[in-house]
Amino acid sequence: MLKDGSNFWSCCRYNSNNAWNANGNNGFFNNNNMYNSNGCRPLSNYQRSRMITIDDIIGAYKVARRNKRKSADQVEFELHWEANCLRLYEDIVSRSFRPTAYTFVTDYPKPREVFASDMATRVLHHYLDIRLRPLLEKRMSSHTYNNRVDMGQAACQNALINDIYEVSRGFTRDAWIVKVDLSGCFPNINQDIAYRQLVSVILEDYEGEDKDELIYMLQVCVFSYPTHHCYRKSPISKWAAIKPEKSLFNKPDGIGAAIGHLIWQNAVNYYFHEIDEWVLSLGINYERFVDDMVFVVDNKTAFLSYILPELRRRLATLGAAMNESKTYCQHYTKGVEWLGCHIKMDRIYVNHRIVGRGINKAHRMNHHVSARHVEHLLSSINSYLGVCKNVNGFNQAMRIIRAMSDKWWKYVAFNRRRVCLQAVPAYSYRNRIIHQFNLK
């Protein structure tokens, strides 16, 4: 607070034109025009120090565009990327950024509502991700695997196998597998809780000079309410296939995480970290992949009678609930379906649904046998073969290979050792480019 004659000027604004001041003669508080000719202006009239730099925005943009170079909004943004990055920078500094989004419905593996951001909003998501991810990695348990560095589905599957072996003492004692699935996880996330959790991480752990800007961007991304301003890329009739309780269009403001927004991948993963810590503090072998939880216990009765009810109660405090119809409890010798694989005592198989999708993809590609579709075939079929290769799924991989038309063997070959398709030399990517552009 600064003194100007008998008035003490506050650094707090009253509105866009006035600031608070205290009259030193009578002690009354008032507000006055801060653009007057007084010798002392309120502190808020001076330009705030800008801790974020344009280089920070450009760096986040280059990361955000990495896998989006061909998307329409990225192409439009890149036409004038310098001016767009500068405009984004100014919007952040002036606290005037307004996010935009679009939505569509995916059909596989089941109808799902997805929200995508325009390029400017995506840059904000990556700016947050670059700074928040290292902090969250330090806090989160090593028993949660989604959207984390050097982790993923395969690591989570291997951890479950190790848990089964450990609790059963090398398959010599009884052990039970309890699998829990949360009902409508993303659509029921409480945004206030998620925001408070992430703000706490920033305030306690983040040491960068752009802390204020980071909190502002977090507010913008978490409370973006995409259903208020998005446009639909899918026909509205497609929403009929989605259960009403799983669509954000049927949720009140403050409830629901937008599937497709990067910020929510981090936020939802961290949302249940207190439950992770509680379960592990009990000495229970436990793994989590987003909203899928699996426990391996040696006392089924105690777990179902005491631990599971307490888990329900703790989930309820976060606005989440178990999907009782998907709760699974069986002896480990029965095996368990986990993240697309069926885990048995001594072997792992790929889920039949995934193999079926691979076979259907091969049948669809059989209608487009030509040199120009070789790259599409390799990327599509090899993705399914890779899943089979990582487990005991060679015979399942061969089912996909046998579904391919014999006409494809003119262009590709099957490598049995690596369990993948490869283009024959004459139709390799290099030779196809040479032929397409008549190069020598």
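Data block above holds the structure.
All of the points below concern the structure found in this document. Source: prediction; values computed, not measured.

Turning to the overall build of the protein, a few remarks are in order. Regarding its fold elements, the protein presents 14 helices and 16 strands. Counting only residues that meet the buried cut, the protein has 47% of its 440 residues in that class. Carbon and sulfur atoms make up 50% of the accessible area of the protein, which totals about 23,500 Å².

The next subject is the pattern of salt bridges. Inspection of the entire model under this criterion finds 15 salt bridges. Arg 65 is the partner of Glu 78 in a salt bridge, and the nearest nitrogen-oxygen pair spans 3.2 Å. Separated by 13 residues along the polypeptide, Glu 78 in helix α2 (residues 72-79) and Arg 65 in the loop between α1 (54-64) and α2 bring together distant segments of the chain. Note on Arg 65: relative accessible area 19%, which makes it buried. Each of Asp 56, Arg 131 and Asp 210 takes part in one network of salt bridges that share partners.

Taken together, 3 strands build an open sheet; the order of strands is β6-β5-β8 and the sheet is mixed. Of all strands in the sheet, those with a lone pairing partner are β6 (112-117) and β8 (231-232), marking the two edges.

Moving on to the sheet that holds strand β10 (residues 292-297). With antiparallel pairing, the 4 strands of this open sheet are ordered in space as β9-β10-β7-β11. Looking at the sheet topology across the chains shown, the edges are occupied by β9 (285-289) and β11 (328-331). Shown here is a sheet whose adjacent strand axes are inclined to one another by a mean of 15°, direction ignored. Inspection of the sheet shows strand β7 (residues 176-181) paired to β10 by 6 bridges, in the antiparallel sense. When the sheet's bridge partners are listed, Trp 176 is paired in β10 with Val 297. Its contacts with the sheet put helix α5 (residues 153-167) on β7, β9 and β10, and the angle it makes with β9 is roughly 165°.

As a packed pair, helix α11 (residues 352-365) and helix α13 (residues 394-402) sit with axes 8 Å apart at the nearest point and diverge in direction by 25°. For the element pair α11 / α13, the angle class is roughly parallel. Relative to α13, α11 is oriented so that their crossing is right-handed. From α11, His 352, Val 355, Gly 358, Ile 359 and Ala 362 reach across to α13, where they touch Gln 396, Arg 399 and Ile 400. Taken together, the residues of the contact of α11 with α13 sort by class into 4 nonpolar, 3 polar and 1 charged.

With that out of the way, let us pick up unusual backbone geometry. Phi is positive for Asp 150, which is not a glycine, with a value near 60°. Position of Asp 150 relative to the elements: it lies in the loop between α4 (119-139) and α5. We note that Val 419 has phi near 50°; this positive angle belongs to a residue other than glycine. Among the structural elements, Val 419 can be located in the loop between β15 (412-415) and β16 (420-423). The class of Val 419 is buried, set by a relative accessible area of 8%.

About the cut-offs
Residues numbered from 1 in each chain as written. Predicted model: local features only at pLDDT ≥ 70, side-chain atom pairs only at ≥ 80, totals over all residues. Heavy atoms only, no water. Helix = DSSP H or I, 4+ residues; strand = E, 2+ residues; numbered from the N terminus. Buried < 20%, exposed > 50% of the residue type's maximum accessible area, 1.4 Å probe, protein only. Areas by Shrake-Rupley, 256 points an atom, 1.4 Å probe, with all protein chains shown as cover. Salt bridge = Lys/Arg side-chain N within 4 Å of Asp/Glu carboxyl O. Pairing = 2+ DSSP bridges. Axes fitted to C-alpha atoms, helices over the stretch in contact; angles between N-to-C directions. Contact = heavy atoms within 4.5 Å. Parallel < 35°, antiparallel > 145°, perpendicular 65-115°, else oblique. Left-handed = near helix turned anticlockwise from the far one by under 90°. Nonpolar A, V, L, I, M, F, W, Y, C, P; charged D, E, K, R; others polar.

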